[in-house]
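Secondary and tertiary structure notes
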Amino acid sequence: MDEKLLSREALMNVMTKTPFGRPLTATLMKRAEEAQAPVAVDQIDKWALFRDICTARAAFGLSDRALTVLNALLSFHKGQVLDAEAQLVVFPSNRALSTRAHGMAESTLRRHLAALGHAGLIQRHDSPNGKRYAARGAGGAIAHAFGFDLRPLLVRAAEIAQAATAAQEAAERIKRLREAISLMKRDALQMALYGRDSGVSADWDRIDGQMLDLHRQTRRVLDADALDVVKGQLEHMLAGLRELLKTEEMSGSHRQIERHIHNSKEDSSDLEPCLEKAGGETCAPSEPDRQGAPPLPLGLVMKACPDIAPYARHDIRHWHELVATASEVRGMMGISQDAWTAAGRAMGPEAAAVTVAAILQRVDDIRSPGGYLRSLTEKAGAGGFSPAPMVMALLRAS
């Protein structure tokens, strides 16, 4: 008889449906029956299947640590392909399994093995004494084995593939929603700035508060339905802002608005330490700015404070772009122009921008961003503050 068929037939004869040293539950009995159902596919690349499980892990209630254990179990199966007619029981010791699971503690290992069994991806076959091993016949073929059966992966292969496809589609939908929300948040901020600077009559403090609340909502991990709600709120806000600005334009003050914005841009350049030269070269900051500049690369700041990026008109690649974006975002957080100007004078414009970006990143934890910035400004005036520790703390937290 073919060795594959012999091994499988021998295994079927010794299969156990009750665990060793653990109570029998309805779930364990159900999973044991499911494990013997007809396979969805006869053969499959085990690593392709594993990637699908990683993609669909939420559907099976698996953590990344459980996936690490599954990866280790698959590594004990010889060959690239899982074959329904081959020996699919792996029987590593806890020590060997722990080593391949990057040194995972045995208690943690047991917990995640249980999770894999509960999810119906593996089936345990315990020996009379609970040890894992394989006994071989006279010809060297495996007569029976006790350990973890990988056959349930073949039984549920079609379900796993469908779950992976659904997860990818959901992730793509969430990605598109977040992109749309980021653009809408930026539009709302720019329109609010436009309206405030032009003197349009509106409750701008209330509008700023609404924008900040929406920003806080988008910082959380939201599903597609929740993001749809946020998107609807932003659409409503943008419609209101457009109506406000449309009314103002109809009043005949459009030229005054343009002149005011042009002057505002000129004034804001005082806080920009380094404008690009015509040839694309970046000029060096003046001596006062160099003293106030944070001792951090801009890329590191953006990695620690990514929440400010969607509000920028372009990708933030130079310090003056971060300064300009912080100058616009600060109003949404209730930081007054006076507080922002004072921070720029005491810290230097770059350090003030980094501080505002860090405050935005932690806005859920700060009751009064404006008051907090003023407090830091006072410390900076006395030489007792640098934004570098704030940035490093955010990096560690992420």
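What you are looking at is a predicted structure, and each value in this text was computed from that prediction instead of being measured. Each chain carries its own residue numbering, running from 1 in the direction its sequence is written. Per-residue local features are limited, in this predicted model, to residues with pLDDT of at least 70; the limit for side-chain atom pairs, both in listing and counting, is 80 or more; totals at the level of whole chains, interfaces and linings are taken over all residues. Neither water nor hydrogens contribute to the side-chain values; these are computed over all heavy atoms in the structure.

Relative orientation and spacing of two packed helices are given, respectively, by the angle between their axes and the distance between those axes. Axis separation between helix 4 (residues 64-75) and helix 6 (residues 106-118) bottoms out at 9 Å; the angle between their running directions is 85°. Of the possible angle classes, the one that applies to helix 4 and helix 6 is roughly perpendicular. Each of Arg65, Ala66, Val69, Leu70 and Leu73 in helix 4 lies in contact with helix 6, whose residues at this interface are Thr108, Leu109, His112, Leu113 and Leu116. Taken together, the residues that form the contact of helix 4 with helix 6 break down as seven nonpolar, two polar and one charged. Axis definition: a line fitted to C-alpha atoms, limited for helices to the stretch in contact. Angles are taken between N-to-C directions and run from 0 to 180 degrees. A run of DSSP states H or I qualifies as a helix once it reaches four residues; a run of E qualifies as a strand once it reaches two. Both are numbered from the N-terminal end. An angle below 35 degrees is read as roughly parallel, one above 145 as roughly antiparallel, one from 65 to 115 as roughly perpendicular, and any other as oblique. Throughout, a contact is declared for two residues whenever any of their heavy atoms are within 4.5 Å. Any residue outside Ala, Val, Leu, Ile, Met, Phe, Trp, Tyr, Cys, Pro, Asp, Glu, Lys and Arg is labelled polar, Gly included; the first ten of those are nonpolar and the last four are charged.

Let us now look at the packing of aromatic side chains. Under the pairing criterion, centres of Phe, Tyr and Trp rings, with the six-membered ring standing for Trp, must be within 6.5 Å; the plane angle then separates stacked pairs below 30 degrees from edge-to-face pairs above 60, leaving the rest tilted. Applying the stated criterion across every chain yields a total of one aromatic pair. With a centroid separation of 6.1 Å and an interplanar angle of 90°, the aromatic rings of Trp47 and Phe50 are classed as edge-to-face. Here the residue Trp47 and the residue Phe50 both occupy positions in helix 3 (residues 46-55), the gap between them amounting to three residues, near one helical turn. Arg100 extends its terminal NZ or CZ atom over the ring of Phe76, reaching a point 3.9 Å from the ring centre. In this analysis the charged atom, NZ for Lys or CZ for Arg, is taken to sit over a ring once it is within 6 Å of the ring centre and within 35 degrees of the ring normal.

On to the nonpolar core. Among the buried residues, those of types Ala, Val, Leu, Ile, Met, Phe, Trp, Tyr and Cys that are joined through side-chain atoms within 4.5 Å form a nonpolar core. Exposure categories follow from relative accessible area, calculated using a 1.4 Å probe and restricted to protein chains: below 20% of the type maximum is buried, above 50% is exposed, and the middle band is partly exposed. Counting residues in hydrophobic clusters, the biggest one holds 65 residues, and the most contacted among them are Met211, Ile308, Leu322, Val329, Met332, Met333 and Met347. Of all the elements, helix 16 (residues 349-361) adds the most residues to this core, at nine residues. In this structure, Met211 is in contact with Ala188, Leu189, Ala192, Met237 and Met332, ignoring residues within four places of it in sequence. With 34 residues, the next largest nonpolar core counts Ala56, Ala84, Met104 and Ala157 among its residues.

By salt bridge we mean one thing: a side-chain nitrogen of Lys or Arg within 4 Å of a carboxyl oxygen of Asp or Glu. This model, assessed by the stated rule, comprises 14 salt bridges. Between Asp228 and Arg173 there is a salt bridge, with its nearest N and O atoms 2.5 Å apart. Of this pair, Asp228 sits in helix 10 (residues 224-250) while Arg173 is found in helix 8 (residues 157-197), placing the two residues 55 residues apart along the sequence. Of the residues examined, Asp228 reaches a relative accessible area of 32% and is grouped as partly exposed. For Arg173, a relative accessible area of 40% translates into the label partly exposed. The network of salt bridges with common partners includes Arg216, Arg219, Asp307 and Asp364.

Per-residue confidence from the prediction method is given by pLDDT, with values spanning 0 to 100. Per-residue confidence for the protein chain gives a mean pLDDT of 81, with 75% of residues at or over 70. Per-element mean pLDDT across the protein chain ranges from 40 in helix 1 (residues 3-14) up to 96 in helix 3. Within the model, the stretch residues 1-14 combines pLDDT values under 50 with 27 contacts to residues more than four positions away or in other chains. The low-confidence segment residues 252-292, where pLDDT is below 50, has 43 contacts with residues more than four positions distant or belonging to other chains.

Attention now moves to helix 15 (residues 337-347). Among the residues making up helix 15, those that are buried are Ala339, Trp340, Ala343, Gly344 and Met347. Along helix 15, the residues classed as buried sweep out an arc of 135° about the axis, all on the same side. Exposed side of helix 15, more than 90 degrees from the buried face: Asp338 and Arg345 are the residues found there. The arc under discussion is defined with respect to the helix axis, by the directions toward the C-beta atoms.

Before going further, it helps to spend a moment on the packing of helix 16 against helix 17 (residues 369-381). The geometry of helix 16 relative to helix 17 is characterised by a closest axis approach of 11 Å and an angle of 140° between their N-to-C directions. The two elements helix 16 and helix 17 meet at a crossing, and its hand is right-handed. Contacts between helix 16 and helix 17 involve Thr355, Val356 and Ile359 from the former and Pro369, Tyr372, Leu373 and Leu376 from the latter. Class assignment of the residues belonging to the contact of helix 16 with helix 17 gives a composition of six nonpolar, one polar and no charged. Left-handed is the label given to a crossing in which the near helix is rotated counterclockwise from the far helix by less than a right angle, and right-handed is the label when the rotation is clockwise.

The subject of this paragraph is empty space enclosed by the protein. Of the two site types, the cavity is a set of points on a 1 Å grid over the protein atoms alone where a 1.4 Å probe fits but cannot get out, and the pocket is an open set with protein on both sides within 12 Å along at least five of seven lines, each lined by residues with an atom within 4 Å of a point. Grid points are joined across faces, edges and corners, and a volume is the space filled by probe spheres set on the points. As enumerated under the stated definition, the model contains one cavity of 30 Å³ or more in all. Approximately 30 Å³ is the volume attributed to the largest cavity. Lining the largest cavity we find Lys185, Ala188, Met211, Leu214, Leu234, Met237, Tyr311 and Met332. Put simply, the parts of the chain that give the lining of the largest cavity at least two residues each are helix 8, helix 9 (204-219) and helix 10. Of the residues assigned to the lining of the largest cavity, the class counts are seven nonpolar, no polar and one charged.

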